[in-house]
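This is what each chain is made of:
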Amino acid sequence: MNRIRSFTRPAGIPVLIQAVITTIIFAGCSKNDLTEHTISSITIAEVSTVTAAAEGNTDNAYDADDLVENSTFTSTVAITFGATTTISNPLSDGGVTITQSGDHITITSTAKAVAYEVSGVTANGSVKIYSDNKFQLTLNGADITSSNGPAINIQSKKRVFLILADNTTNTLTDGTTYTTGTEDMKGTLFSEGQLIFSGSGSLTVTGNYKHAIVSDDYIRIRSGNITISGAVSDGIHTNDAFIADGGTINITAAGDGIECDEGYIVINDGDFTIQAGDDAIAASYDTDDAIDPYVTINGGTFNIKTTEGEGIESKSVLTINNAVINISAYDDGLNAGKHIYINGGTSYVYSSTNDAIDSNGPMTITGGITIAVGAGAPEEGFDCDNNTFKITGGIIVGIGGATSMPTANVSTQRSVRLGGATANQLVHIEAADGSAEALTFSVPRTYSTMLFSSPKLKAETAYMVYTGGSVTGGTDLNGLYTSGTYTKGSAGAGTTFTTSSMVTAAGGSAGPGGGR
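Quick summary incoming for the structure in this document.

This part is about the overall build of the protein chain. On a plain count of helices and strands, the protein chain comes out with 2 helices and 49 strands. Taken along the three principal axes of its C-alpha coordinates, the protein chain extends 115 × 50 × 40 Å. Taking as baseline every contact in the protein chain between residues at least 6 positions apart, the subset at least 24 positions apart corresponds to 57%. For the protein chain, the computed accessible surface area is about 19700 Å², with 48% contributed by carbon and sulfur atoms. In the protein chain, which carries 25 positive and 52 negative side-chain charges, the distance between the mean positions of the two groups comes to 11 Å.

A separate point is the environment of Ile297. Along the chain, Ile297 falls in strand S23 (residues 295-297). Relative accessible area serves as the criterion here: at 0%, Ile297 is assigned to the buried category. Sequence spacing of Ile297 and Gly484 is 187 residues, and the spatial spacing of their C-alpha atoms is 32 Å. When neighbours within four sequence positions are excluded, Ile297 is seen to be in contact with Ile267, Phe302, Ile312, Thr319, Ile320, Asn321, Asn322 and Ala323.

Okay, the side chain of His339 next. On the secondary structure map, His339 appears in strand S29 (residues 339-342). Residue class for His339 comes out buried when judged on its relative accessible area of 13%. Separated by 3.2 Å, the side chains of His339 and Tyr341 make a polar contact. Setting aside chain neighbours within four positions, we find His339 in contact with Ser316, Val317, Leu318, Ser359, Pro362, Met363 and Thr364.

With that settled, consider the pairing of strand S41 (residues 449-453). By the criterion of burial, S41 is predominantly enclosed, with 5 of the 5 residues buried. Burial along S41 is two-sided: the face carrying Thr449, Leu451 and Ser453 and the face carrying Met450 and Phe452 are both buried. Pairing between strand S36 (residues 395-400) and S41: 5 bridges, direction antiparallel. Paired with Gly400 across the two strands is Thr449, which belongs to S41. Looking at chain direction, strand S38 (residues 415-418) and S41 are connected through 4 bridges and run antiparallel. Looking at the pairing, Ser415 lines up with Ser453 of S41.

With that settled, the discussion passes to the sheet that holds strand S46 (residues 485-487). Taking strand neighbours across the sheet as the criterion, the 3 strands line up as S1-S46-S43 in an open arrangement whose pairing is antiparallel. Either end of the sheet is taken by a strand with one partner, and the two such strands are strand S1 (41-43) and strand S43 (470-472). For this sheet the average axis-to-axis angle between neighbouring strands, irrespective of direction, equals 25°. Note that S1 and S46 share 3 bridges and pair antiparallel. By the bridge assignment for S46, Ile42 is matched with Tyr486.

Reading the values: the criteria
Residues numbered from 1 in each chain as written. Predicted model: local features only at pLDDT ≥ 70, side-chain atom pairs only at ≥ 80, totals over all residues. Heavy atoms only, no water. Helix = DSSP H or I, 4+ residues; strand = E, 2+ residues; numbered from the N terminus. Contact = heavy atoms within 4.5 Å. Areas by Shrake-Rupley, 256 points an atom, 1.4 Å probe, with all protein chains shown as cover. Lys, Arg positive; Asp, Glu negative; His and termini not counted. Charge placed at Lys NZ, Arg CZ, Asp CG, Glu CD. Buried < 20%, exposed > 50% of the residue type's maximum accessible area, 1.4 Å probe, protein only. Polar contact = N/O pair within 3.5 Å; in protein donor to acceptor, adjacent residues only side chain to side chain. Pairing = 2+ DSSP bridges. Axes fitted to C-alpha atoms, helices over the stretch in contact; angles between N-to-C directions.

None of this, on its own, says anything about what the molecule does.
As structure tokens, then:
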């Protein structure tokens with residue numbers, strides 16, 4: 001490569017002669033060489049995404065019957081644990097029967113429109129409820145430890161509105177063994193029916209026997225601060241569905257963080273921090289096609305870590321419409337049995353041993369920012385086997401040992417496959433004429449293949465890839481720089497490409513999938 005050196009006119013050489021010499025020197029330089037060496041830095045353009053028409057599932061699981069404000073409860077039964085446990089039951093002759101054995105309280109109700117309120121502390125107690133009708137259960141500063149079963153055991157298939165009273169702290173703990181019996185008891189807070197959380201109070205649940213919070217129907221969290229401090233198995237376990245509209249949920253579990261056995265998961269909002277031994281969030285039914293175990297994420301914030309399992313798994317279709325997702329998984333970060341759709345949000349997905357994002361069917365990305373960090377070969381940043389990989393929008397950075405290639409005849413946004421870089425290096429792509437930056441990315445781990453797609457990649461444009469260098473005055477989003485000034489590092493052989501087609505291969509390795 002020709003280098004441009006400073007030139008000082010020796011005394012006595014006429015200006016015209018110097019001009020001729022200078023012209024000869026510069027005539028030996030290509031346009032790209034001149035640009036590369038005279039422009040040593042470039043401004044990082046603000047990250048902006050092009051979002052195409054969303055695809056996949058838009059279900060928000062709305063049900064007016066799940067809104068406690070649409071129900072009326074006219075009578076309140078109060079239980080206050082303490083040195084002397086007190087019970088106030090205005091319906092003792094109206095359909096509510098309460099029996100007591102120490103601090104173990106059993107309620108049997110045929111009445112309608114009943115609200116129960118539980119408060120106080122017991123080191124060896126529980127509340128069991130049988131009800132023929134839906135009811136409201138308010139935890140108003142309750143601290144219940146049960147030595148031989150669930151702390152709260154709801155043996156009713158009706159809807160339960162569980163209210164965490166404002167400005168209260170509530171704690172539920174079960175025993176390591178349960179008294180044997182014919183009734184189903186799977187965790188510290190157990191319900192046979194729908195369990196719907198609301199209120200702005202706090203609840204901490206410890207599952208010493210099996211799960212922490214369980215419903216044999218579905219669980220919906222509308223609001224509240226819920227902490228699963230530990231669970232021998234799952235933090236939250238449900239049969240038919242898990243739905244979240246808000247709340248702050250912090251889960252530590254030896255099994256799954258949130259598992260739906262025979263149904264779907266829809267998360268509209270909420271702040272989730274999950275540390276799981278197995279999968280963090282999973283709709284796991286895969287017996288037959290009678291049930292569709294889809295996962296749809298419409299919003300929320302997710303900080304997920306797994307020590308053995310996957311980050312977010314659907315045995316059917318996984319759709320991410322909008323969310324801020326940060327996953328560090330032992331296995332696949334995102335996994336779906338049939339299709340993955342990413343329509344928006346910001347996702348950073350890291351797998352320590354497997355693919356970052358893995359679909360056993362097609363994969364479609366229409367918008368958002370997605371950074372996928374897979375393990376070394378043969379694992380991939382993006383993996384969709386031998387299926388269609390469609391990219392119509394978004395900013396996509398995938399690194400690993402290989403990648404599935406986007407399918408050119410259905411994609412509308414350009415992408416490029418590149419070779420590797422080492423951990424903590426900067427990788428920078430800019431137009432060869434120095435006119436525009438396309439990517440500035442801080443590498444989180446050594447990789448051999450990168451897949452990059454962005455609206456910044458323009459048709460029929462030559463680009464140069466740099467490694468190293470530095471960024472000043474910049475901010476980054478999981479390694480993807482969104483502002484600042486990049487000062488160039490090195491550009492070695494094979495670091496140029498031209499976007500002459502929808503999908504460009506300029507290094508790295510292709511795994512199965514896409515590319516058709």
